[in-house]
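Coordinates in review
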Amino acid sequence: SILLGYDSLDAYLIMQSNPETYEFSEDQILRMSYILNIYRSLNTLFSQSESSDNWMNKPNNAPLFKGKPAIEIMKRGGLNDLAIVADYLHSISQF
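Quick look at the structure, then. Counting restarts for each chain: residues are numbered from 1 in the order of the written sequence. Two thresholds apply to this predicted model, a pLDDT of at least 70 for residue-level local features and 80 or more for giving and counting side-chain atom pairs, whereas whole-chain, interface and lining totals are computed over all residues. Computation of side-chain values covers all heavy atoms of the structure but excludes hydrogens and water.

**A look at the side chain of serine 93**
Put simply, DSSP marks the helices as runs of H or I at least four residues long and the strands as runs of E at least two long, and each gets a number from the N terminus on. Within the element layout of this structure, serine 93 appears in helix α5 (residues 79-93). There is a polar contact of 3.1 Å between the side chain of serine 93 and the backbone oxygen of histidine 90. Note on contacts: a residue pair qualifies if any of its non-hydrogen atoms lie within 4.5 Å across the two residues. Those residues in contact with serine 93 that sit more than four places away from it in its chain are Ser41, Thr44 and Leu45. Polar contact is the term for a pair of N or O atoms within 3.5 Å; when the atoms are in protein, one must be able to donate a hydrogen and the other to accept it, and sequence-neighboring residues count only if both atoms are side-chain atoms.

Listed below in structure tokens is the structure:
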């Protein structure tokens, strides 16, 4: 729920109970966009989903990540944290 910008599990459960009528904030829509872009970039880089999962969870030596897994960066909860991972993946998937 933190990746989507919910400040509590209760807020997330309210949305989940009736997503058809829930009004997402602009911040939440941006978060979903970053998450989908991360997913797309991972699928461009890796042919198997297991490799994508491993990349997200293993320590990363790129200076941007300072040895931390990408998922830890994303879990900090900021919109900018999602942007960091999405932009990084986009840049390396262009080659």
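Moving on, there is more to tell.
**Some points on the nonpolar core**
Residues belong to a common nonpolar core when they are buried Ala, Val, Leu, Ile, Met, Phe, Trp, Tyr or Cys residues joined through side-chain atoms within 4.5 Å. The classification of residues rests on relative accessible area computed with a 1.4 Å probe and restricted to protein chains. Under 20% of the type maximum is buried, over 50% is exposed, and intermediate values are partly exposed. In this structure, Ile38, Trp55, Met56, Phe65, Met74 and Val85 are the most contacted members of the largest nonpolar core, which totals 14 residues. Secondary structure elements with two or more residues in this core: α2 (26-45), α3 (49-57), α4 (70-74) and α5. In contact with methionine 56, other than residues within four places in its own chain, are Ile38, Leu42, Pro69, Ala70, Ile71 and Met74.

**Here we look at the packing of α2 against α3**
Orientation is described by lines fitted to C-alpha atoms, with helices fitted over the stretch in contact, and by angles between N-to-C directions that extend from 0 to 180 degrees. For the pair α2 and α3, the least separation of the axes is 9 Å and the interaxial angle reads 120°. As summarised for this structure, α2 and α3 are arranged oblique, according to the angle between their axes. Relative to α3, α2 is oriented so that their crossing is right-handed. Contact residues: Ile38, Leu42 and Asn43 in α2; Ser52, Trp55 and Met56 in α3. Comment on the angle field: the value is read as roughly parallel under 35 degrees, roughly antiparallel over 145, roughly perpendicular from 65 to 115, and oblique elsewhere. With the far helix as reference, a near helix turned anticlockwise by less than a right angle produces a left-handed crossing, and one turned clockwise produces a right-handed crossing.

**A few points about the pattern of salt bridges**
For salt bridges, the criterion is a side-chain nitrogen of Lys or Arg within 4 Å of an Asp or Glu carboxyl oxygen. Under the definition given, this model contains two salt bridges. In this structure, aspartate 27 and arginine 31 form a salt bridge, with 2.6 Å as the shortest nitrogen-oxygen distance. Taken together, the positions of aspartate 27 and arginine 31, both in helix α2 and four residues apart, correspond to about one turn of that helix. Under the relative-accessibility criterion, aspartate 27 is labelled partly exposed at 31%. Between arginine 76 and aspartate 81 there is a salt bridge whose closest N-O contact spans 2.9 Å. Judged by relative accessible area, which is 11%, aspartate 81 ranks as buried.

No statement about biological role is implied by the geometric values presented.
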